[in-house]
Amino acid sequence: MSVTRVHNFSISLDGFGTGEGLSLDAPFGHAGERLHEWMFATRFWGEMVGQPGGGRGVDNAFAQQHGPGIGAEIMGAGKFGYPGWHKDPEWQGWWGPNPPFHTPTFVLTHHTREPIDMAGGTTFYFLDTSPAEALKAAREAAGELDVRIGGGVTVVRDFLAARLIDHLHVVVVPILLGRGVRLWDGLEGIEDDYQIEATASPSGVTHLTFTRSVR
């Protein structure tokens, strides 16, 4: 059976995966781009956006694990668009005509609409359902490949709470946000389900990998 994976999910030292005050002009609220600057400096990111250069070190080694073996993605409404995007019938996500997913992508939202076929193999499907039912649909679409849980914070937290994530890569960024949406709330004891490894990077971030324990 395929596994469920989370990659490159950045949080602050105080556990926030996004800031406060999200909007069309501020997708991560007051956090801005600070949670993701480590990734912007990698070769992985440069290749994704068509820019030369980028580091090849520890951060890049983790970042580039994002894509291989993925056959479908699940994301929340807050990752697909700004607050209120469902009122705009023309909204097709942040990523332009060729989103970087290249797989069936399932958006969890209370405001469903017809699927959207995009360039590069991405089709957005809009579901109002539970994490377990969304994962069932994504696994059927992925075949023998894995399913990526893409975020945002609430979606990752809900899938963790439902014990539906097999591999979790969290990047702890050395900043304090103080407000926003926290990842770990309500997940006390979740560490008992995983083998956990920590890898420090010269960039200042720490990569934590949670791999589900075999019992």
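One can find the structure itself at the top, above this paragraph.
Keep in mind that what you see is a predicted model, and the values were worked out from it rather than measured. (Residues numbered from 1 in each chain as written. Predicted model: local features only at pLDDT ≥ 70, side-chain atom pairs only at ≥ 80, totals over all residues. Heavy atoms only, no water.)

1. Regarding the overall build of the chain
Looking only at helices and strands, the chain features six helices and 11 strands. The C-alpha radius of gyration of the chain comes to 17 Å, within 12% of the 17 Å expected for a compact globule of 215 residues. The principal-axis extent of the C-alpha atoms belonging to the chain is close to 45 × 40 × 35 Å. In the chain, which comprises 215 residues, the share counted as buried stands at 44%. For the chain, long-range pairs separated by at least 24 residues make up 65% of all intrachain contacts whose partners lie at least 6 apart in sequence. Split by element, the accessible area of the chain, about 10600 Å² in all, is 52% carbon and sulfur. (Helix = DSSP H or I, 4+ residues; strand = E, 2+ residues; numbered from the N terminus. Rg over C-alpha atoms; globule rule 2.2 N^0.38 Å. Buried < 20%, exposed > 50% of the residue type's maximum accessible area, 1.4 Å probe, protein only. Contact = heavy atoms within 4.5 Å. Areas by Shrake-Rupley, 256 points an atom, 1.4 Å probe, with all protein chains shown as cover.)

2. Notes on the nonpolar core
One broad trend across soluble globular proteins is that nonpolar side chains are buried collectively. Counting 29 residues, the largest nonpolar core has Ile74, Ile149, Val156, Phe159 and Ile165 as its most contacted members. Put simply, the parts of the chain that give this core at least two residues each are β1 (4-12), β3 (70-76), β4 (104-108), α5 (131-142), β7 (146-151), α6 (153-161), β8 (167-173) and β11 (206-212). If we ignore the near neighbours within four places in the chain, the residues touching isoleucine 74 are Phe106, Leu108, Ala134, Leu135, Ala138, Val147, Arg148, Ile149, Gly150, Gly151 and Phe159. One finds Trp38, Val173, Ile175 and Leu177 within the second-largest nonpolar core, a separate group that totals 12 residues. (Core = buried A, V, L, I, M, F, W, Y, C linked by side-chain atoms within 4.5 Å.)

3. Points about the sheet that holds β8
Overall, mixed pairing links the nine strands, which are arranged β5-β6-β4-β3-β7-β1-β8-β11-β10 in an open sheet. Sheet topology places β5 (116-117) and β10 (194-200) at the edges, where each strand pairs with a single neighbour. Note that β3 and β4 share four bridges and pair parallel. When the sheet's bridge partners are listed, glutamate 73 is paired in β4 with threonine 105. Together, β1, β3, β4, β6 (123-127) and β7 form the strand contacts of α5, whose direction differs from that of β3 by roughly 155°. Those strands touched by α6 are β1, β3, β4, β7, β8 and β10, and its axis lies near 130° from that of β7. (Pairing = 2+ DSSP bridges. Axes fitted to C-alpha atoms, helices over the stretch in contact; angles between N-to-C directions.)

4. Brief notes about α5
Here α5 contains 12 residues, and its C-alpha end-to-end distance of 16 Å stays within 8% of the 16 Å for a straight helix at 1.5 Å per residue. Among the residues of α5, those classed as buried are Ala134, Leu135, Ala138 and Ala142. Buried residues along α5 cover an arc of 100° about the axis, so they all sit on one side. Exposed and facing more than 90 degrees away from the buried side of α5 are Lys136 and Glu140. Packing partners of the buried residues in α5 comprise β1, β3, β4, β6, β7 and α6. Directly after α5, the chain includes glycine 143, whose backbone phi takes a positive value near 65°. (Expected span 1.5 Å × (residues − 1). Arc of directions from axis to C-beta.)

5. A look at the pattern of salt bridges
For the structure shown, the criterion picks out nine salt bridges. The salt bridge partner of lysine 79 is glutamate 73, with a shortest N-O separation of 3.0 Å. Taking the relative accessible area as the measure of exposure, glutamate 73 reaches 0% and is therefore buried. We note a salt bridge from aspartate 193 to arginine 163, for which the minimum N-O separation is 2.5 Å. Of this pair, aspartate 193 sits in the loop between β9 (181-182) and β10 while arginine 163 sits in the loop between α6 and β8; the two residues are 30 residues apart in sequence, bridging distant segments of the chain. Classification of aspartate 193 by relative accessible area gives buried; the value is 15%. A single salt-bridge network, built from bridges that share partners, covers Glu73, Lys79 and Arg148. (Salt bridge = Lys/Arg side-chain N within 4 Å of Asp/Glu carboxyl O.)

6. A word on the side chain of histidine 167
Along the chain, the position of histidine 167 falls in strand β8. We classify histidine 167 as buried; its relative accessible area is 19%. Setting aside residues no more than four positions away along its own chain, histidine 167 makes contact with Thr4, Arg5, Val6, His7, Thr209, Phe210 and Thr211.

Read these as geometric descriptors, not functional statements.
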